[in-house]
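# Structure assessment
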Amino acid sequence: MPTKKVAVKKSSAAKTPVKKVAVKKSAPATKVTKTAKADDGLPLSVLIRRRIKAQNARFHANDNISAFIKPGELEGLVDEVAEKMQAVLESLVIDTESDHNTKSTSRRVAKMYVQEVFNGRYVEQPALTKFPNVSRLNELMIIGPITVRSACSHHLCPIMGRIWIGVLPSKNSALIGLSKYSRLTEWVMCRPQIQEEAVVELADMLEKKIKPVGVAVVMDADHFCMQWRGVKDRDSKMINSVMRGAFLRDSNLRREFLALIERK
Ligand SMILES: [Zn+2]
């Protein structure tokens, strides 16, 4: 086995430089035709970006751009990301031809980004059934902990945590089913994020949907860019809270909410 390994490595190492030069020279042309899912032979991401820019819309890491993606295009985007991810692996000098573990890594990572962990950028907001507040509930409601899986937009490292949502409805509020809080949270969090912005976005959305007297969001999370890399501080956590309306004005309500979530 060891002898075999050396032999394989040597031959692929000898081949690689020659191959690379050839590929690099024709790279722009090949790439354009290869990713030609779009009508005019442009990579799909370029087309989507054009649509976004034509509307002067923002496409930061934590923005949802589903309005600019046509049905069926997400599959094409996976293809394009896979191709570029393959180039990243090649630049990392990983032998994806002989190493069976990394053979399909580029495609796996592309699918993971587009269809799973960053999916909240590409799909529409989940449909919400709203119920009128018939029993005129005006008591504090707490939902959580909701599991959060996200990624930091600085390093694309995982952020794993929990969220609690406090809602003080008014008699005119539209209530949403309990499971919808998780769906909405997931939709917002499945994007590269900064935790401070993520909680604000979630609070904004809940305010708009429910029109409560007050809304509160608390998130506590482990940031893997602090644990896996950087200072390697395994115990550091980040806790953020956003208080709106009654939660901001009424310190008793705020205390009640914070006391109740601490017990969970
Ligand atoms: Zn980071």
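It should be emphasised that the depicted structure is a prediction, and the values quoted were computed from it without experimental measurement.

The subject of this paragraph is unusual backbone geometry. The omega torsion across Gly 144 and Pro 145 is 0 degrees, close enough to zero to call that bond cis. The backbone of Val 93 shows a phi angle near 55 degrees, a positive value even though the residue is not glycine. Inspection of the secondary structure assignment puts Val 93 in the loop between helix H3 (73-91) and helix H4 (105-117). Using a count of 8 C-beta atoms within 10 Å as the deciding quantity, one classes Val 93 as exposed. Here Leu 156, not a glycine, exhibits a phi torsion of approximately 60 degrees, which is positive.

Strands sit in the order S5-S2-S3-S6-S7 across an open sheet of five strands; the sheet is mixed. Every interior strand has two partners, whereas the edge strands, strand S5 (192-193) and strand S7 (237-245), have only one. Bridging between strand S6 (residues 214-223) and S7 involves nine bridges; their strand directions are antiparallel. Looking across to S7, one finds that Met 219 is bridged to Asn 240. Strands strand S2 (141-152), strand S3 (158-168) and S5 of the sheet are contacted by helix H5 (residues 178-189), whose axis makes an angle of about 20 degrees with S2.

Further remarks concern the environment of Gln 125. Among the structural elements, Gln 125 can be located in the loop between H4 and strand S1 (130-132). A tally of 14 C-beta atoms within 10 Å means that Gln 125 is categorised as partly exposed.

Turning to the nonpolar core, a few remarks are in order. Residues Ile 163, Ala 216 and Val 217 are the most contacted members of the largest nonpolar core, which totals 45 residues. Excluding residues that lie within four positions of it along the chain, Ala 216 makes contacts with Gly 166, Ser 241, Val 242, Met 243, Phe 247 and Phe 257.

Attention shifts here to H3. Working note: α-helix, 3.6 residues per turn, so residues spaced by three or four point in the same direction. Between its terminal C-alpha atoms H3 stretches 27 Å, which fits the 27 Å expected from 19 residues at 1.5 Å a residue. Listed as buried for H3 are Gly 76, Leu 77, Glu 80, Val 81 and Ala 82. Here the buried face of H3 lies against helix H2 (44-54) and H4. Taken from the residues just after H3, Val 93 is the one with a positive phi, measuring 55 degrees.

What follows covers helix H6 (residues 195-210). Look at H6: 22 Å from first C-alpha to last across 16 residues, which is about the 22 Å you get at 1.5 Å a residue. Residues Gln 195, Ala 198, Val 199, Leu 202, Ala 203, Leu 206 and Ile 210 constitute the buried set of H6. Here the buried residues of H6 occupy an arc of 130 degrees about the axis, which is enough to place them on one side. Counted as exposed and oriented over 90 degrees from the buried face of H6: Glu 196 and Lys 208.

In terms of burial, S6 is largely enclosed, as eight of its ten residues are buried. In this sheet, S6 lies alongside S3 in antiparallel orientation, the contact comprising ten bridges. Its bridge partner lying in S6, Met 160 is registered against Asp 222.

This part covers the packing of H3 against H4. For the pair H3 and H4, the least separation of the axes is 8 Å and the interaxial angle reads 130 degrees. By the angle between their directions, the pair H3 and H4 is classed as oblique. Crossing hand, H3 versus H4: right-handed. Only Thr 105, Ser 106, Arg 107, Val 109, Ala 110, Lys 111, Tyr 113 and Val 114 of H4 make contact with H3, whose side of the interface consists of Leu 74, Leu 77, Val 78, Val 81, Ala 82, Met 85, Gln 86 and Leu 89. In terms of residue class, the contact of H3 with H4 is built from eleven nonpolar, three polar and two charged.

In this model, the protein carries an average pLDDT of 85, and 84% of its residues clear a pLDDT of 70 or more. For the protein, per-element mean pLDDT is lowest for helix H1 (residues 2-34), which scores 37, and highest for H4, which scores 98. A low-confidence stretch, residues 1-36 stays under pLDDT 50, and its non-local contacts, those more than four residues away or across chains, total 14 contacts.

Now for the environment of Trp 164. Relative to the assigned elements, Trp 164 resides in strand S3. Counting along the chain gives 93 residues from Trp 164 to Phe 257, while the straight-line C-alpha distance between them is 9.5 Å. If near-sequence neighbours (up to four positions away) are discounted, Trp 164 is found in contact with Ile 142, Gly 144, Pro 145, Val 218 and Ile 261.

The subject of this paragraph is the environment of Ile 65. Within the secondary structure, Ile 65 is located in the loop between H2 and H3. Each C-alpha atom, one on Ile 65 and one on Arg 49, is 9.5 Å from the other, the two residues being 16 residues apart in sequence. Those residues within four positions of Ile 65 in sequence are excluded, and the remaining contacts are Ile 48, Ile 52, Phe 59, Arg 121 and Tyr 122.

Parameters and conventions
- What you see as residue numbers is a count from 1 along each chain, following the sequence as written.
- Under the rules for a predicted model, residues below a pLDDT of 70 receive no local features and side-chain atom pairs below 80 are neither given nor counted, while totals for whole chains, interfaces and linings still include all residues.
- Counting from the N terminus, the helices are DSSP H or I runs at least four residues long and the strands are E runs at least two residues long.
- Think of it as a crowd count around each C-beta: if 20 or more other C-beta atoms lie within 10 Å the residue is buried, if 12 or fewer it is exposed, and in between it is partly exposed, with C-beta placed from the backbone throughout.
- Only when DSSP finds a minimum of two bridges between them are two strands counted as paired.
- Two residues form a contact once the distance between their C-beta atoms, set from the backbone, is within 7 Å.
- Axis geometry follows a simple rule: fit a line to the C-alpha atoms, using only the stretch in contact for helices, then measure angles between N-to-C directions, giving values from 0 to 180 degrees.
- Linking buried Ala, Val, Leu, Ile, Met, Phe, Trp, Tyr and Cys residues through C-beta atoms within 7 Å yields a set, and such a set is a nonpolar core.
- Expected span of a helix: the number of residues minus one, times 1.5 Å.
- Here the arc refers to the directions that run from the helix axis out to each C-beta atom.
- Angles are sorted into four bins: roughly parallel if under 35 degrees, roughly antiparallel if over 145, roughly perpendicular if 65 to 115, and oblique for all others.
- A crossing counts as left-handed when the near helix is turned anticlockwise from the far one by less than a right angle, and as right-handed when that turn is clockwise.
- Residue polarity follows a fixed list, in which Ala, Val, Leu, Ile, Met, Phe, Trp, Tyr, Cys and Pro are nonpolar, Asp, Glu, Lys and Arg are charged, and the others, Gly among them, are polar.
- What pLDDT reports is the predictor's confidence in each residue, on a scale of 0 through 100.

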